[in-house]
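Here is what each chain is made of, one letter per residue.
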Amino acid sequence: MLARIDTQRGPWDIVVIGGGATGAGVALDAASRGYSVLLLEQHDFGKGTSSRSTKLVHGGVRYLAQGNLSLVREGLRERAILRANAPHLVFDLALVVPAYEWWERPYYGAGLTLYDLLARHSSFGRSRLLSRAETLARVPAVRPDGLRGGIEYHDGQFDDARLLIASLQTAAGRGACVLNYAPVVGLTRTGDGRIDGVVARDLESARELRAAARVVVNATGAFVDEVRRMADADAGMLVQPSQGIHLVLDGSFLGGTAAIMVPRTTDRRVMFALPWHGHTLLGTTDTPIAAASLEPRARDDEIAFVLETAGRCLRRQPERGDILSVFAGVRPLVRRRNTKETAALSRDHTLRVEASGLVTTTGGKWTTYRRMAEETVDCAAAAAGLARRPCVTASLRIAGETAGSRPQDALQLTDEDVRRAVRDEMARTVEDVLARRCRALFLNAAAARDMAPRVAALMAAELGRDETWQRDQIAAFTALASEYLVRQP
Ligand SMILES: Cc1cc2nc3c(=O)[nH]c(=O)nc-3n(C[C@H](O)[C@H](O)[C@H](O)COP(=O)(O)OP(=O)(O)OC[C@H]3O[C@@H](n4cnc5c(N)ncnc54)[C@H](O)[C@@H]3O)c2cc1C
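Residues numbered from 1 in each chain as written. Predicted model: local features only at pLDDT ≥ 70, side-chain atom pairs only at ≥ 80, totals over all residues. Heavy atoms only, no water.

Engineer: Explanation requested: helix H7 (residues 160–173) in the structure shown.
Structural biologist: Given a rise of 1.5 Å per residue, 14 residues ought to cover 20 Å, and the 20 Å separating the end C-alpha atoms of H7 matches this to within 8%. Judged by how many residues are buried, H7 sits mostly within the fold: 11 of 14 residues are covered. By the burial criterion, the buried members of H7 are Asp160, Ala161, Arg162, Leu163, Leu164, Ile165, Ala166, Ser167, Leu168, Thr170 and Ala171. Regarding H7, its N-cap is Asp159, as a side-chain oxygen of that residue lies 3.2 Å from the backbone nitrogen of Ala161 further along. In the stretch just after H7, Gly175 is the one whose phi turns positive, near 105°. (Helix = DSSP H or I, 4+ residues; strand = E, 2+ residues; numbered from the N terminus. Expected span 1.5 Å × (residues − 1). Buried < 20%, exposed > 50% of the residue type's maximum accessible area, 1.4 Å probe, protein only. Polar contact = N/O pair within 3.5 Å; in protein donor to acceptor, adjacent residues only side chain to side chain.)

Here it is, written out as structure tokens:
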């Protein structure tokens, strides 16, 4: 990829800053239309929010309650497209809403019938009302006292980091040049002030990289304002960052294959308990934060809140000592005037062409990354005067089965999986392998820490690194893993 940057003649049609879902979607869309495209990611692909989602491919029943039907419909349409294009990465998930009040079954039942209707022919399975006995049979781990019954509905589930790598591989297969560990540190401009390229750093060689572009797309998620200020020092704030945390427990807390959805928590949100890679995933929260960071920390009150909410719907109350891993992600919510609560801020995406010609795209959700990319490339191509070419991603197959996409593989990494992660998936550090090529860090931080020395040795052999590199990698990963473990208060 580095050699491609050096040998590129003339400007790239599109340079994308940011290697999360949004940037990968744009690179895939642009490359598959036949544009030349370079994507630069400052850390590893998916280091930001895109590896820290709830792993649902969904229309968003929550937006249904808010009456935002167009957002739900778009999500449901994209849910169907994603399953058709990546059937090896997107799976059907049955979710059960347990009902403890008399009105909950008819009320949520009606809402989920509407959800089915909005999905039209692309339904993942019809929702249905469950009796108390059926609810207990479907989710044996649900809290039985006071239970009146439930409602079952369907959505998609995926592994976010795996879909990201698969999307980037598909983009690269179509000619995109994608590079991790290459932060963009500046923008270049023409005499009349238009952005015409980027300056980046190759972190491994400390070499400066320069890439000329007909148009630059800023797809840096919660970091878009930093890049916007590279273009215009006076740029205002577009994004209000909000943090959401997840806790991972042993699979026995949920048991079975169905998830639980709590439709109204005490802070008026929804909460999920999902089966994921043989474990139980609980989340999430919505906590406004001052600034985005690449390793956001879960707060103690957030952890307590998730545990307490889970205890209201699970037979077994989870405790802090049960937590195998905790991870936090930052939502790039687009600011609206006069709104303080981030839960009320739009989950829709925002696309804008700045006065400098920089195209900024942020917000949205993983589920709609394809659609968001289509709009972004349409807009960028028009802004740069590129020849019009139609979007083809609605029926573009995402790359094939990869290590870790099969749930049982998550904590059973083979030597060959590690080698493949280095050779085919651009993993450069132990963290890349254990956090995002497989999901060990997110599933069980202590187990991941124990895997680090073997992974470091295998990677060193692949990459030609010495023992000092291995020691540094193990130390860095051990420190990181300790952040995913919950200390006892
Ligand atoms: C808690 C939580 C749960 C969610 N659950 C779901 C869900 O279940 N389903 C769903 O559909 N969506 C979900 N979402 C939304 C979804 O995860 C996000 O919409 C999506 O991941 C955003 O992707 P992004 O590429 O815009 O941002 P990011 O993934 O953050 O990517 C931006 C990238 O830009 C890079 N970057 C920043 N600055 C620079 C620079 N100067 N140079 C180079 N690179 C740079 C960063 O390192 C980062 O990797 C969830 C979000 C959160 C926070």
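So, next bit.
Engineer: Which parts of the structure should I look at to understand the pattern of salt bridges?
Structural biologist: Tallied over the full model, the rule gives 40 salt bridges. A salt bridge links Asp13 to Arg214; its shortest N-O distance comes to 3.1 Å. Taken together, the residues Asp13 in strand E1 (residues 12–17) and Arg214 in strand E10 (residues 207–218) connect sequence positions 201 residues apart. Given a relative accessible area of 13%, Asp13 falls into the buried group. Residue Asp44 is joined to Arg437 by a salt bridge in which the shortest nitrogen-to-oxygen separation is 2.8 Å. (Salt bridge = Lys/Arg side-chain N within 4 Å of Asp/Glu carboxyl O.)

Engineer: Mind showing me how you'd approach the packing of helix H4 (residues 69–85) against helix H10 (residues 369–384) here?
Structural biologist: Interhelical geometry of H4 versus H10 gives an angle of 100° and a closest axis separation of 8 Å. If you check the angle between H4 and H10, you find them roughly perpendicular. Touching Glu74, Glu78, Ile81 and Leu82 of H4 are Tyr369, Arg370, Arg371 and Glu375, all from H10. Its residues placed into classes, the contact of H4 with H10 shows three nonpolar, no polar and five charged. (Axes fitted to C-alpha atoms, helices over the stretch in contact; angles between N-to-C directions. Parallel < 35°, antiparallel > 145°, perpendicular 65-115°, else oblique. Contact = heavy atoms within 4.5 Å. Nonpolar A, V, L, I, M, F, W, Y, C, P; charged D, E, K, R; others polar.)

Engineer: Explain the site of the ligand here, please?
Structural biologist: Surrounding the ligand, one finds 35 residues, the nearest of these being Thr22, Glu41, Ser50, Leu56 and Thr367. Contacts to the ligand include Ala21, whose backbone N or O atom sits 3.1 Å from an oxygen atom. One of the side-chain N or O atoms of Gln42 is found 3.0 Å from an oxygen atom in the ligand. Mapped by element, the contributors of at least two residues to the shell around the ligand are helix H2 (21–33), strand E11 (239–250) and strand E16 (325–334). Ranked by residues supplied to the shell around the ligand, first place goes to E16 with three residues. By residue class, the composition of the shell around the ligand is 11 nonpolar, 19 polar and five charged. (Near = heavy atom within 4 Å.)

Engineer: In this structure, what is going on with the packing of helix H11 (residues 415–425) against helix H14 (residues 445–463)? I would like to understand it.
Structural biologist: A pair of packed helices is captured by two measures, namely the crossing angle of their axes and the spacing between those axes. Here H11 crosses H14 at 45°, and the two axes come no closer than 10 Å. The orientation of H11 relative to H14 falls into the category oblique. In this structure, H11 meets H14 at a crossing whose hand is right-handed. Seen from H11, the contacting residues are Asp415, Val418, Arg419, Val422 and Arg423; seen from H14, they are Arg454, Val455, Leu458, Met459, Glu462 and Leu463. Looking at the contact of H11 with H14 residue by residue, the classes come out as six nonpolar, no polar and five charged. (Left-handed = near helix turned anticlockwise from the far one by under 90°.)

Engineer: Would you explain the pairing of strand E9 (residues 195–202) in this entry?
Structural biologist: Sheet faces and side chains relate simply in a regular strand, where the side chains alternate between the two faces. Across the eight residues that make up E9, a large majority, six, are buried. Both strand E8 (residues 184–189) and E9 contribute to a ladder of five bridges, which runs antiparallel. Counterpart to Gly186 in the pairing with E9 is Val199. Count of turn residues in the E8/E9 antiparallel hairpin: five residues, of which Gly193 carries a positive phi of about 90°. Pairing of E9 with E10, which is carried by six bridges, proceeds in the antiparallel orientation. What sits directly across from Asp202, in E10, is Arg207. Counting the residues in the hairpin turn of E9 and E10 gives four residues, including Ala206, whose phi is positive at 60°. (Pairing = 2+ DSSP bridges.)

Engineer: Which parts of the structure should I look at to understand unusual backbone geometry?
Structural biologist: Leaving glycine out, the prevailing phi sign among residues is negative, and the prevailing peptide bond configuration is trans. For the bond from Gly283 to Thr284, the omega torsion is 15°, close enough to zero to count as cis. As for its placement among the helices and strands, Thr284 is situated in the loop between strand E14 (279–283) and strand E15 (287–288). Positive phi, normally seen in glycine, also occurs at Lys55, with a value near 70°. Summarising the element assignment, Lys55 is placed in the loop between strand E2 (37–40) and strand E3 (56–57). A positive phi angle, close to 60°, is found at Ala206, a residue other than glycine.

Read these as geometric descriptors, not functional statements.
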